[in-house]
Amino acid sequence: MRAAVLRDGRMVYRDDVPDPVPEPGQVLVGVRACGICGSDLHFAAHGAEVVAMTARVAADAGTMNIDLGGDVFMGHEFSAEVLEAGPETETHPPGTLVTSLPILLSTKGFEPIVYSNTTMGGYAERMLLSAPLLLPIPNGLDFKHAALTEPMAVGLHAVNKSNIQPGEKALVLGCGPIGIAIIAALRLRGVETIVACDFSPKRRELATAMGAHRALDPAQGSPFDTVKPAVVFEAVGVPGIIDDVLLRARPGSRLVVAGVCMQPDTVHPFFAIAKEMSVQFVLAYNPEEFGESLRALAEGDIDVTPLITGEVGLEGVGRAFDDLADPERHCKILVTP
């Protein structure tokens, strides 16, 4: 079958990938759409660093077993169509449109559907999913929109961890896909003052479209000169941002760190101590948040139409990775095999 794989830091097209065969408890699905995630772009550029740092965090992490000298399968923001169930597996009938937590259960345990030499991701014609984790796409929701359930769940998780209340002011630093997802979740929670901040005019425009009440350009001055938020969401992921927030935020505020910074960073704990600030780091989501995000999309509470700025086939994935480097051109490119 056809797939796009990571090879030597570049996405390349293959038409000779063996078809996956479902085991008991698994389902073979045809991929309908898969979003290109910023973490995929980062892994393509810094895979060795990601593998090494993951190994330091958890000795049993699946990423440790990746051979970067071989082809790597990726793609974890997907919607798909049920094709065939594995032996002795009850599931939804063929033709059912589904999405799923990006985890594959097998006789060997489980493997995240993120980066793997063996487990197929969504940049392929077909892949395996776990029958117990399948969620049918409800209400006739466009399968392209359903593919963004996963990044929307990341934003929802960050908002849930913040414990923000509707009357509290929120400041979102960085309006890439995760920052935008946070904004959408804040709007869903009824937060009355949502301020976004990004250097990119296009991303500021998207932030407003997705629910931000104001969008600021940090080139024109610190956003903390304009707004005094109760909660700051950091979705930039570069050194220096956290320390700047600790310095500038008001006493008693909370900082939620959703941006993934792979480099060493330096902070002055005194800034946060003097203000009795709380700092919360967040990662991914739980199954309930994934399901809630799918429902929000299906019921029209979140409209991701403005985020989808491009669409490519499997042959165009490599070019799409390059195009996503320009925030003025794209936010989210979908792969539609």
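Computed from a predicted model, the values in this text were never measured in an experiment.

Enquirer: Would you mind going over the domain arrangement of the protein in detail, with residue names and values included?
Expert: How big an interface is tends to be expressed through the accessible area that disappears when the partners come together. Along its sequence, the protein is carved into domain 1 (3–136 + 304–335) and domain 2 (151–281). Computed over C-alpha atoms, the centres of domain 1 and domain 2 are 29 Å apart. Each partner contributes to the interface: domain 1 provides 12 residues, whereas domain 2 provides 12 residues. Of the roughly 1,200 Å² buried where domain 1 meets domain 2, counting both sides, 73% is carbon and sulfur surface. Taken as a group, L307, E328 and C331 account for 36% of the area that domain 1 buries against domain 2, more than any other trio of residues on that side. Element by element, the count of residues in the side of domain 1 that touches domain 2 is highest for helix α1 (residues 38–57), at four residues. A class-by-class count of the residues in the side of domain 1 that touches domain 2 yields seven nonpolar, one polar and four charged.

Enquirer: With reference to specific residues and values, describe the side chain of S130.
Expert: Relative to the assigned elements, S130 resides in strand β10 (residues 126–130). Once residues lying within four places of it in the same chain are set aside, the contact partners of S130 are G25, I103, L104 and L105.

Enquirer: So what's going on with the pattern of salt bridges? Residues and values would help.
Expert: Under the definition given, this model contains 15 salt bridges. For R32, the salt bridge is made with E81, and the minimal N-O distance between the two is 3.4 Å. Of this pair, R32 sits in strand β3 (residues 26–35) while E81 sits in strand β5 (residues 77–85), and the two are 49 residues apart along the sequence. Note that D217 and R204 form a salt bridge whose closest N and O atoms lie 3.7 Å from each other. With D217 in the loop between β14 (214–216) and β15 (231–234) and R204 in helix α5 (residues 201–209), the pair connects residues that are 13 residues apart, well separated along the chain. For the residue pair D217 and R204, the accessibility class agrees, reading buried in each case.

Enquirer: An account of the pairing of β15 is needed here, citing residue identities and associated values.
Expert: Side-chain alternation along β15 places V231 and F233 on one buried face and V232 and E234 on a second face that is also buried. Judged from the four bridges that link them, strand β12 (residues 169–173) and β15 form a sheet pairing that is parallel. The residue bridging L173 from the neighbouring strand is E234, located in β15. Bridge count between β15 and strand β16 (residues 254–257): four bridges; the pairing is parallel. In the strand pairing of β16, F233 is matched with V256. The parallel pair β15 and β16 is bridged by helix α6 (residues 241–248), and the resulting crossover is right-handed.

Enquirer: An account of the UniProt feature "domain: Alcohol dehydrogenase-like C-terminal" (unreviewed entry) in the protein is needed here, citing residue identities and associated values.
Expert: Under the UniProt annotation, "domain: Alcohol dehydrogenase-like C-terminal" (unreviewed entry) lies at residues 177–298. The span residues 177–298 is 39% helix and 16% strand, and its two end C-alpha atoms sit 19 Å from each other.

Enquirer: Which residues make up the packing of aromatic side chains, and what values do they have?
Expert: Under the definition given, this model contains three aromatic pairs. Look at F43 and Y115: their rings are 4.0 Å apart centre to centre, the planes differ by 10°, and that puts the pair in the stacked class. Of this pair, F43 sits in helix α1 while Y115 sits in strand β9 (residues 115–116), placing them 72 residues apart in sequence. Grouping residues by exposure puts F43 and Y115 together as buried. Aromatic pair Y123 and F321: ring centres 6.3 Å apart, planes at 80°, arrangement edge-to-face.

Rules used throughout
- Each chain carries its own residue numbering, running from 1 in the written order of its sequence.
- Selection of residues for local features in this predicted model requires a pLDDT of at least 70, selection of side-chain atom pairs for listing and counting requires 80 or more, and totals for whole chains, interfaces and linings are taken over all residues.
- Only hydrogens and water are removed before side-chain values are computed, so all heavy atoms of the structure are retained for them.
- In this entry, domain limits derive from an automatic or database-based domain assignment.
- Note on contacts: a residue pair qualifies if any of its non-hydrogen atoms lie within 4.5 Å across the two residues.
- Note on terms: buried area is the combined drop in 1.4 Å-probe accessible area of two parts once they are placed together, counting the loss on both.
- Numbering of helices and strands runs from the N terminus, with a helix taken as a DSSP run of H or I at least four residues long and a strand as a DSSP run of E at least two residues long.
- Each residue is assigned to one of three groups, with Ala, Val, Leu, Ile, Met, Phe, Trp, Tyr, Cys and Pro labelled nonpolar, Asp, Glu, Lys and Arg labelled charged, and all others, Gly among them, labelled polar.
- Any carboxyl oxygen of Asp or Glu within 4 Å of a side-chain nitrogen of Lys or Arg constitutes a salt bridge here.
- Three exposure classes are used, based on accessible area relative to the maximum for each residue type with a 1.4 Å probe and protein chains only: buried under 20%, partly exposed in between, and exposed over 50%.
- Any two strands with at least two DSSP bridges between them are considered paired.
- Here is how to tell: hold the view so the strands point away, follow the path from the first strand over the helix to the second, and if it runs clockwise the crossover is right-handed.
- UniProt positions are given in the numbering used here, feature names are shortened, and annotations may be inferred rather than shown by experiment.
- Only the six-membered ring of Trp is used, alongside the rings of Phe and Tyr, when aromatic pairs are assigned; centres must lie within 6.5 Å, and planes under 30 degrees apart are stacked while those over 60 apart are edge-to-face, with the rest tilted.

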